[in-house]
Amino acid sequence: MKFRLLTLTTLTAAGIAGSAFAADTVKLGYQLPLTGDTAQYGQDFRKAAEIALTEFNAAGKPFKVEIVFEDSRSDAKEGTNIARKFVDDKEIVGVLGDFTSGVSMAAAQVYKDAGMPQLSQTASHPDYTKISKYQFRNIATQAQEGPYNAKWMAAKGFKNVAVIAEQTDWGQSVVSGFSDAVKANGGTVAFSEFFNRGLKDYRSLISKLERAKPDAIYTGFFYEDGAQFLKQLQQLGIKTPVYSTSAAYSPKLIELAGGAAEGVHLTSNFLPTDPSPNVQHFVDEWKKRSDGAVPGQFPAQAYDAVRIMLAAVEKASPNPTREKVRDALAQTRDFPGVTGKTSFSADREAEKELVKVEVKGGAFVPVAD
Amino acid sequence: MFDPYYLQQLAIGLSLGMTYALMAIGFTLIFGVLNVVNFAHGEIYTLGAFAGLVLISATAPPIVAVILGALAIGALAGFSLERIAFKPFRRFTDEASLKSRAMRESTLLSSLAVSIVVREALEIAFGSQMRSVPFEYLINTPVRVGPVILVTGDFIIFGVAAAMLIGLQYLLTRTRIGLAIRAVSNNPLGAKYVGIDTDRTIITTFVVGSMMGAAAGILMGLYYGAVFPAMGFTPGIKAFVAMVMGGLSSIPGAVICALILGISESMATTFVSSGWSDMVAYGFLILTLIFFPNGLFGARRERV
């Protein structure tokens, strides 16, 4: 069985090597939502990828790289179809994406069988990288972030906490990653509930949550849901402190929630205000393409993911194959990205440094505790 | 004795129901009363919200002007929608075509097509992310009424919905144009025979209904502070459920059912996980269709 798989991989690898030999262009696939409810994220990823790609192709490397973007609409079925398409294209040596954990995991099943390296900039469900040795991610998982935040909140003296998260694979990993750590630290989870993504009115949920009288609220949401939640929390006159994950870290959160976002605590691994030259370079490039808007954490992760993939392709060249790209990815150590130094651990998790951030005076400000 | 928690949930439910009702009124006028299958109402709502937002960011006019602007866009959108997706199916005036169910129901797809085109066009033009409404325009300043907290928008929406409901009831039952609408709805061929200008009646209904849809859109944009291309979808579904529960042709029925829907959703959140509260709407739809095929407030008349 193992032998057969090995032969198969070698054969496929040889096949790709043969076709890639002729061309001096290397092809990568990027599956991401470009339309539908989550299109705003996919559009940002594409923009970030284009910045990284333009830079790479302008740097005078011996070969050019082309990225094929395919719209998955954050739909698992669509994601799997794209995965088959990418796998069938013998010139594609590596794939980036998808956006959500659910779609990334569905597509991963196809990539696993075909031996295609897959690097997602955002899929943070713990099970994603466990699918096979071909799955990588460039984001801290909730298994990292949950305990980190639990410790932070415990240090602030919040013993009795409420948790809410969106009803998705990711949201469930937020709740389990955090709740387990709270209990291990001797705290209690007074309230735990899921809501549907895109819910407009959180007031019922907030009233119910407040009945449990928590010291603080831990939330797993993205900026759209987060802004509504925070605004309605303020409307109902509730002052309980709110903590959140890096998923809510976006300038849009403050833009949409305004004063209601004041005092929200969250973690992040990207700060657009970081003075280091590569961060400022990315922020400038981003601003040029987005009417002066500042990038959030997700585009930064996508930018880094694309550059990590490009570095792996370069390492695997000449004649990169899927297998060689995978091995090169796995060897990534201390990649100097805009989201800090990235190394892949033996189980292909990105080891990220997290920064504590608080919203103060309408901006994300790093805090010591 | 009575837990103020339940009062607060009741108030939230009523306010939620009001937002559904606001959408349901225009929707029911076109879909239910005029008896024309129209699935593009959600996009009229979105267009109204975007029109208001564009106006706000361009010239920062007073709020009344914003709503008037949204109404004008709504009227234009309703007129164009009718012209693009509905009028072509009425070009055959022979009796067989006029009585044909297929001709009538084909607007299900043509209106759906228009709605998809509009939504994608808005996505290309404005991007699909949520756009914020400047804070000075928002209508969500908290107001405390005894033990419960509401926001200013709840009262504005109540006022607008009540005005729409009363205005439409007056129009439909007391005026000649209302009579014409009901006649066309009941029997388009018969209406034509007795000399009613059916084309004009249908266009008028579309314009009025779409103005209400656009007004609902901008009000919701100001209420929640976020405008985005996909915003019309969920309210459209809730309005549809309210309309079917209310008996298709009854606007007061749709309003009452929208309120029932809102209250049940907020009350259900107390007992089940919030993730399940959408099930309430669909559960009600199924129960109504099984036990009250004519809706809770529907007149017993044969539907086409």
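Predicted model only: the values in this text are computed from it and were never measured.

Undergrad: In this structure, what is going on with the overall build of chain A? I would like to understand it.
TA: The helix and strand inventory of chain A stands at 12 helices and 14 strands. In summary, chain A has a C-alpha radius of gyration of 21 Å against a globular reference of 21 Å for 369 residues, a match within 12%. Taken along its principal axes, the extent of the C-alpha atoms in chain A is 65 × 50 × 35 Å. Evaluated residue by residue, chain A yields a buried proportion of 58% over its 369 residues. Taking the intrachain contacts of chain A between residues at least 6 apart in sequence as the baseline, contacts between residues at least 24 apart amount to 68%.

Undergrad: Just checking my understanding: could you explain the domain arrangement of chain A for this structure?
TA: When the parts of a complex come together, some accessible area is lost, and that lost area is often used as the size of the interface. All names here are of chain A. Here chain A is partitioned into domain 1 (2-140 + 277-342) and domain 2 (156-268). Computed from C-alpha coordinates alone, the two centres of domain 1 and domain 2 are separated by 31 Å. Carbon and sulfur atoms supply 55% of the area buried between domain 1 and domain 2, which totals about 1,000 Å² over both sides. Along the contact surface separating domain 1 from domain 2 lie zero salt bridges. Summed over the shared surface of domain 1 and domain 2, the result is six residue pairs in polar contact (both at pLDDT 80 or more). Elements with a contribution of two residues or more to the side of domain 1 that touches domain 2: α2 (39-58), α4 (101-114) and α11 (297-316). The class makeup of the residues in the side of domain 1 that touches domain 2 is six nonpolar, eight polar and no charged.

Undergrad: Which parts of the structure should I look at to understand the sheet that holds strand β6 (residues 160-166) of chain A?
TA: The strands that make up a sheet are held in pairs by hydrogen bonds between backbone atoms, and each pair lies either parallel or antiparallel. All names here are of chain A. What the seven strands build is an open sheet, ordered β7-β6-β8-β9-β10-β13-β14; its pairing is mixed. Of all strands in the sheet, those bounded by a partner on one side alone are β7 (188-195) and β14 (363-366). Within the sheet, the average angular offset between the axes of one strand and its neighbour, ignoring direction, is 25°. Pairing of strand β8 (residues 216-220) with strand β9 (residues 242-244) involves three bridges; the strand directions are parallel. Directly across from Ile 217, in β9, lies its bridge partner Val 242. In the packing of helix α8 (residues 223-235) onto the sheet, the strands contacted are β6, β7, β8 and β9, and the crossing angle to β8 comes to about 155°.

Undergrad: Would you mind showing me how to read the UniProt feature "transmembrane region" (unreviewed entry) in chain B here?
TA: Residue and element names in this part refer to chain B. In this numbering, the UniProt entry assigns the feature "transmembrane region" (unreviewed entry) to residues 12-37, 66-86, 107-128, 148-172, 202-227, 239-261 and 281-299. Structurally, residues 12-37 is divided into 85% helix and 0% strand, and its ends, taken at the C-alpha atoms, are 31 Å apart. From the first C-alpha to the last, residues 107-128 spans 27 Å; its make-up is 91% helix and 0% strand.

Reading guide: rules and limits
Residues numbered from 1 in each chain as written. Chains lettered and ligands numbered in written order. Predicted model: local features only at pLDDT ≥ 70, side-chain atom pairs only at ≥ 80, totals over all residues. Heavy atoms only, no water. Helix = DSSP H or I, 4+ residues; strand = E, 2+ residues; numbered from the N terminus. Rg over C-alpha atoms; globule rule 2.2 N^0.38 Å. Buried < 20%, exposed > 50% of the residue type's maximum accessible area, 1.4 Å probe, protein only. Contact = heavy atoms within 4.5 Å. Domains from an automatic or database assignment. Buried area = accessible area lost by both parts, 1.4 Å probe. Salt bridge = Lys/Arg side-chain N within 4 Å of Asp/Glu carboxyl O. Polar contact = N/O pair within 3.5 Å; in protein donor to acceptor, adjacent residues only side chain to side chain. Nonpolar A, V, L, I, M, F, W, Y, C, P; charged D, E, K, R; others polar. Pairing = 2+ DSSP bridges. Axes fitted to C-alpha atoms, helices over the stretch in contact; angles between N-to-C directions. UniProt positions renumbered as here; feature names shortened; annotations may be inferred.

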